Each structure stands twice: as C-alpha cells, then as structure tokens.
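Observations on the model geometry
Here's the letter readout for the chains.
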Amino acid sequence: MNMTVTSTLEKAAAEKAATVEFRSLRREFGPTVALDGLDLTVRPGEFLALLGPSGCGKTTALRMLAGFEHPDSGAVLVDGADVTGVPAHRRDAGMVFQSYSLFPHLNAVDNVAFGLRMRKVRTAERRARAAELLELVGLGDKRDRYPHQLSGGQQQRVALARALALRPRVLLLDEPLSALDAKVRLNLREEIRRLQQELGITTLFVTHDQEEALSVADRVAVMRAGRLEQCAAPAELYGRPATAFVAEFVGTMSRIPGELTDGTVAVLGRRLPAEGEAADGSVDVLVRPEALGVRADADGTGRVVATAFLGAVVRVTVRLADGTEAKADLPAHEATGLGAGAPVTVSLPDRPVLVAGRAQS
Amino acid sequence: MARRLTPWRWAVLGLAAVYFLVPLAASFVFTVDDPRHGVDFGAYTGIVSADGFGSSLLLSLELAVATIVVVLLLMVPAVTALRLGAPRLRPVVEVICSLPLVVPPIAFVAGIVTVLKWGPQYLSRTPLFQTFVAVQNPTFPVVLVLAYVVMALPFVYRALDSGLRAIDVRTLVEAARSCGASLPQALVRAVLPNLRGALLNASFLTLALVLGEFTVAQLLGFQPFAVWIYNVGGSQAQMSVAVSVLSLLVTWALLLALAGAGGRDRTASSRG
C-alpha cells in the first residue's frame, strides 16, 4: 500500500525538484542583524540542514523562502526565478512549523486537505488524497482525530502530510522536532529522511541540534551571525571543519595550546603540519576526542580529571601540565585503570591538525 | 483532586443562593399574590396584551442583533490585526476600549444629546441634516446602536483578546498561507473558526448589555424593553414587577439558547 502511494507521489515530485538560491540576503530587525549577506545554493532534491546557534538567522532565511519575511536586500531564487516579491501563498513551498500548527477546529484529514480546499479541489478527491498522505506518514487510522487527540509526534506527522499535500517544490522544516521527546524525535527524523528520499523533494531543515543535522542531511550549512560559515557534507564538516566556529559547534572539540611557525605547529612535544587560519605565534590546536590518545604513564604530566562511561567508549577528561583540559574518547577496555588523578601522557596522531587563534579566557 | 462539599462550602453556597433567590422569589410572590383571591396570574396574562410590550421587546432584540453585528465586524479584524501586525499597540487599544467603563453612561448620553441638538442647527442646509434625522428614526434608532457599540467595547475587547490569547494566531495564519490561502482566506478559514468561543462570549455580553440598558435609551427618548418596563411600572406596580421577572427569564432563555447553539457547534469541532 505504502509503496504504491509513494511511487505515484515520487513521480510527481521528482519531475520538479527545484534549485533554491539565496543571494546576498540581508535583513535587520531594529538593531540586530538577522542576515548579513547570506549566499547559499540548495541543489535539486537535496536535503540541506541549516545549523547554527539561536539567533544566527537560520529561521529568518527559511521564512524568507516561505515568504513570511522579506529581505532588506538580496534575492531568493527558485529554479532561477526570483520569488522575492511573490506572496507566501503562491510560493509553492510546504512548511512544517516548530510549534504545533494544525488547525484545531479540523480533524486530521481536513487539516491535510486544507490546501486542496484552498485550490478548490472537489471534496471527494481531496479527501482521498489526504487519506493517501496520512497513510504515507503512518497515520491512516487516525484520520478522524482532532489535533488535541493526537500526540505531539502524531501532530507533526499530520503537519508533514499537510505540507506535502500540494506537491510543493520545496519542503521547509522549521525545527519540527524540537518540541518532541527524545525517542519520538529520533523516529520522526528517520521517517522524514525516508520520505524525503522517496519523494526526492528539495528540503531545507532548520535545526540547532548538530547531531540531528549530521544524521539526516545530505549537506549541512553552518550559520553564524547571519552569515554562512561552511556548507559541506556531514563527514567533511566533522572531519575537516573550515573554521574554529564550525569545529566547536559541530561535535566536541578540545583546545590544546601550541606554537605556530611557518605552517607547522609545535604541540604536545612534537611538530605537525597545521591547517586553518591563524597568525604565527601562540595558537590553539583543535582536537576531536577520538583523535586524542591517552596512555597511562607514571611519568606523565597530564592528570585524569574525570571519566564518563558512554557505552562503547569512555570519555576521559585530562588536565594538561599547563592547566588546559582536553577530552579523549577511549575504548572501554583501554580506559580501565584510568581513575581520577591517574597520571597520563597525551598524544596526537601523525596528521595535519586544525589550528585557531588563541581563545581569550 | 476531588473537591468535597465541606460544610463551609455549603454555607457559602447557601448564602449566595439566599442573596440571589430571595429577591427573585419575593418579586414572584408579589406578582401572583392577590389579597382577595389568593394566587392570581393576572399580571402575567396582562403583559402580553399590554400596549407596547411586543414592539419594545422586538426593538430591543433588533438593537441587540445590530449592535452585536457592528461591534464584531469592528473588533474582530481590529484585534486580529493588532495581534499579527502591531502587538506593541495593544496597551493603547486596551485603554481606549476600557474608556466606556470609566465614563458614566449619564455623561456619555449628555454628550450625545448635545451633538444631536447642535448638529442639525449647523448642518440644516447640508445633506448631513437628513443623516441626523435618520439616526434618530424611532422605529429603529441607529444612534442607540452606535452608543451601545461604544458601551460594549470593553467587554467585547476582553472576550476577543482572551480568545486570541488561547490560540497561536501567527502560526495558524502562516500555516494557512503556506497551504496556499491568501491572507483573508487564512483569517476566515483558519483563525475565525477557532474564535467561536470568544465570539460567543462577546455576543453574550453585548446581548445582556443591550437588553438591560436603560439610561441612554430613556434620556434619548426611545422606548426599548427596559424603558417600557419602567414606564409600565409607573402605572401598574404589580405588572412592572411581573415584567421584570419575565424579562429576567427571557434574557436567561436567550443566553441559554445562544450557548446551546454555539456549544453544539463547538463540541462538533472539538470533540473530547
């Protein structure tokens, strides 16, 4: 049943997967700059996550694509056509909101059929299509329920079906999972990803949760203070962050002091090739916990401060000789015997490392 | 938490009942008690045939309906626009809408009387003169509707505001817009149905206000129901009290009918 439904939908959507372009978007709200020249291109059929701390402008960018905000300057293009002046209801963009946004006076089927009603589709036809979409999101048996009779996760599923009802060219998800509890959130994000892949619809997903972004998106665009920091596939973003901000926002990062000269950095008693933008002199070397080696050593200058058991690995926090703290993930069997206060030696693998200007503390 | 009716609660309930029911019962006894014949419902049967009963009641109801329509057409778009577009203006509008509570009706009507006298003198040669005549048409005094709209503002504003507070207007409108609804469509199809309770409350309060209003109507020289009751009272004491009791029941029945009609639709739209 599901298969036949999705295959017909898929054809409809795949034909018109759209390219979305933001061109130097700028928007100020009074004294705060929400967008400060955002340039970003979303490829047809791509699942792109907009990631950033609150207030970085990611939601504003999404709302500009939806037509709810208007840029002070710059343009939004869909398939090369400038839609900046097009009103929201002609944008052809389905949206799922952060807060529960179902119409309280309509049941699930009528909520999904709302857009079709606006398009003056006949009652029987739109109810059939709405029922189809509810099947698609796994709520075929809840079609007569009203929003207050549905759980948060179910409400967001209905909202997703509603957003897809008009076969939009772009799907916009504005932190749709943030109001849900952890388990539901995990299920629903996988479901969203599955649907998106089946339908092949260009999708923008706003989130402040880096794990969410990395796990579902084709590419992740990290934003900071109204600008794009880096837009790359999750693996690249994690493994080769372009800036210190991205490195620390995505995943866990420790800062270990080093000395930069001529593109190499002296850190933890050895010299490694350096990447990233920093002036020669005192710098911080940014290290992922899984890259940092920790070995019990009676002569070691480092001291274990704390350990946390995370299942497959143990996260060990080590205080180095100069007082900075670094985090390392060790396999559980290697971490036995590393109690708090144990002397250790910390090492880095033979790879280029990312450096950044010394953090003020 | 189950609440039991403790003796203390019974005492409060009893006191309230005495306070409200004793005058009502006394009024009723007064209307049916005839020293010569014992119980006599003559006062009630006399009402229906009394001169002006039907016409004044009808006038009051017409005024109430017109006032409700005008005040809702005025306030629903205003309060919604306020919430969507200019939330910072809310306190200003709240204060303006509360003014009729501060200005006593007697001062209000004195102002209206002055304008009604002054207007025709200065405008006698303009088409506006006819306007002044028309608003004072005794078969349907528009001027009373205008006055009642002003007097109902505080109640209507509060009812609508609390109704809008209960729903996320902005998100509902945006959700509707992203579903292809234009702004007017979004307001009518997505917001208005969810304000049913608030609209009902506002209508309720306006209806009760108009049916019971006396000062403005009396001083402007019209005769809706409340004024008629007063006039009848001057000549026939028993009948005037009977009319009061009856009007109480009529108002009550109207409010119940309104609640019943709205309530049924409401349960249909939000079962559970």
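Right, let's walk through the structure included here. (Residues numbered from 1 in each chain as written. Chains lettered and ligands numbered in written order. Predicted model: local features only at pLDDT ≥ 70, side-chain atom pairs only at ≥ 80, totals over all residues. Heavy atoms only, no water.)

**Looking at the interface of chain A and chain B**
Contacts between the two partners involve 23 residues from chain A, matched on the other side by 22 residues from chain B. Where chain A abuts chain B, roughly 2100 Å² becomes buried across the two surfaces, and 59% of that area is made up of carbon and sulfur atoms. Considering only the side of chain A, the residues that lose the most area to chain B are His89(A), His105(A) and Met118(A), jointly responsible for 29% of the buried surface there. Summed over the shared surface of chain A and chain B, the result is 1 salt bridge. Across the pair Arg63(A) and Glu174(B) runs a salt bridge whose closest N-O atoms are separated by 2.6 Å. Every element with two or more residues in the side of chain A that touches chain B is listed here: β6 (93-96) and α3 (108-118) of chain A. At 4 residues, α3(A) tops the list of elements feeding residues into the side of chain A that touches chain B. (Contact = heavy atoms within 4.5 Å. Buried area = accessible area lost by both parts, 1.4 Å probe. Salt bridge = Lys/Arg side-chain N within 4 Å of Asp/Glu carboxyl O. Helix = DSSP H or I, 4+ residues; strand = E, 2+ residues; numbered from the N terminus.)

**Overview of the packing of helix α8 (residues 169-178) of chain B against helix α9 (residues 183-191) of chain B**
All names here are of chain B. Interaxial distance between α8 and α9 falls to 9 Å at its minimum, and their mutual angle equals 120°. The pairing of α8 with α9 is recorded here as oblique in orientation. Crossing geometry of α8 relative to α9 is assigned as right-handed. Residues Val 169, Leu 172, Val 173, Ala 176 and Arg 177 of α8 form the contact with α9, whose own contacting residues are Leu 183, Ala 186, Leu 187, Ala 190 and Val 191. Considered class by class, the residues forming the contact of α8 with α9 number 9 nonpolar, no polar and 1 charged. (Axes fitted to C-alpha atoms, helices over the stretch in contact; angles between N-to-C directions. Parallel < 35°, antiparallel > 145°, perpendicular 65-115°, else oblique. Left-handed = near helix turned anticlockwise from the far one by under 90°. Nonpolar A, V, L, I, M, F, W, Y, C, P; charged D, E, K, R; others polar.)

**Comments concerning a nonpolar patch on the surface**
Residues and elements named next belong to chain B. Taken together, the side chains of Leu 99, Leu 101, Val 102, Val 103, Phe 155 and Leu 205 make up a nonpolar region of the molecular surface, amounting to roughly 520 Å² of accessible area. By residue number, the principal contributor to the nonpolar patch is helix α4 (residues 90-102), which donates 3 residues. Relative to the elements of secondary structure, Leu 101 occurs in helix α4. (Patch = residues over 30% accessible without salt bridge, like charges linked within 9 Å, V, L, I, M, F, W, Y side chains within 5 Å. Areas by Shrake-Rupley, 256 points an atom, 1.4 Å probe, with all protein chains shown as cover.)

**Here's the deal with the sheet that holds strand β13 (residues 270-275) of chain A**
With respect to topology, 5 strands assemble into a closed barrel ordered β11-β12-β13-β20-β14 (chain A), the strand pairing being mixed. Averaged over all adjacent pairs, the angle separating strand axes in this sheet is 55°, with direction ignored. (Pairing = 2+ DSSP bridges.)

**Looking at the packing of aromatic side chains**
The tally for this structure, following the rule as stated, stands at 9 aromatic pairs over all chains. Measuring from centroid to centroid gives 5.4 Å for Tyr19(B) and Phe20(B), while their planes differ by 90°, and the two rings are edge-to-face. For Tyr19(B), a relative accessible area of 62% corresponds to the exposed category. A cation sits over an aromatic face here: Arg162(A) above Phe103(A), 4.6 Å from the ring centre. Positioned above the aromatic ring of Tyr238(A) is the side chain of Arg288(A), whose terminal nitrogen or guanidinium carbon lies 3.9 Å from the ring centre. (Phe/Tyr/Trp six-rings, centres within 6.5 Å; stacked < 30°, edge-to-face > 60°. Buried < 20%, exposed > 50% of the residue type's maximum accessible area, 1.4 Å probe, protein only. Lys NZ or Arg CZ within 6 Å of the ring centre and 35° of its normal.)

**Points about the sheet that holds strand β4 (residues 73-78) of chain A**
What holds strands together in a sheet is hydrogen bonding between their backbones, with the strands either parallel or antiparallel. All names here are of chain A. Read from one edge of the open sheet, 4 strands run β2-β1-β4-β5, paired in antiparallel fashion. The sheet terminates laterally at β2 (32-42) and β5 (81-82), the two strands that pair on one side only. When β4 meets β5, the two strands line up antiparallel, connected through 2 bridges. Paired with Leu 77 across the bridge in β5 is Asp 82. In this fold helix α2 (residues 58-66) packs onto β1 (20-29), β2 and β4, with an angle of close to 115° to the strand it touches most, β1.

**Here's the deal with the packing of α4(B) against helix α7 (residues 142-165) of chain B**
Residues and elements named next belong to chain B. Packing of α4 against α7 brings their axes to within 6 Å, and their N-to-C directions diverge by 140°. In terms of orientation, α4 and α7 fall into the oblique class. Helix-helix and strand crossings are classified by hand; for α4 and α7 the assignment is left-handed. Of the residues in α7, those touching α4 at Arg 90, Val 93, Glu 94, Cys 97, Ser 98, Pro 100 and Leu 101 are Val 150, Met 151, Leu 153, Pro 154, Phe 155, Tyr 157, Arg 158, Asp 161 and Arg 165. Per-class residue counts for the contact of α4 with α7 are 10 nonpolar, 1 polar and 5 charged.

**Some points on the pattern of salt bridges**
All told, the structure shown has 33 salt bridges over all chains when counted by the stated rule. For Arg143(A), the salt bridge identified is with Glu135(A), shortest N-O distance 3.9 Å. Arg143(A) gets classed as partly exposed once you look at its relative accessible area, which sits at 32%. Residue class for Glu135(A) comes out partly exposed when judged on its relative accessible area of 26%. Of the charged contacts, one joins Asp161(B) and Arg90(B) as a salt bridge, the two residues approaching to 2.9 Å between their closest N and O atoms. Of this pair, Asp161(B) sits in helix α7 while Arg90(B) sits in helix α4, and the two are 71 residues apart along the sequence. For Asp161(B), a relative accessible area of 5% puts it in the buried group. Sharing partners across several salt bridges, the network here consists of Arg27(A), Arg63(A), Glu69(A), Asp72(A) and Glu174(B).

**Describing α3(A)**
For α3(A), the buried fraction is high: 9 of the 11 residues fall into the buried class. Every buried residue of α3(A) is listed here: Ala108(A), Val109(A), Asn111(A), Val112(A), Ala113(A), Phe114(A), Gly115(A), Leu116(A) and Met118(A). On its buried face, α3(A) is in contact with α4 (123-136) and α5 (152-164) of chain A together with α8 and α9 of chain B. One or two steps after α3(A), the chain reaches Lys120(A), where phi turns positive at roughly 60°.

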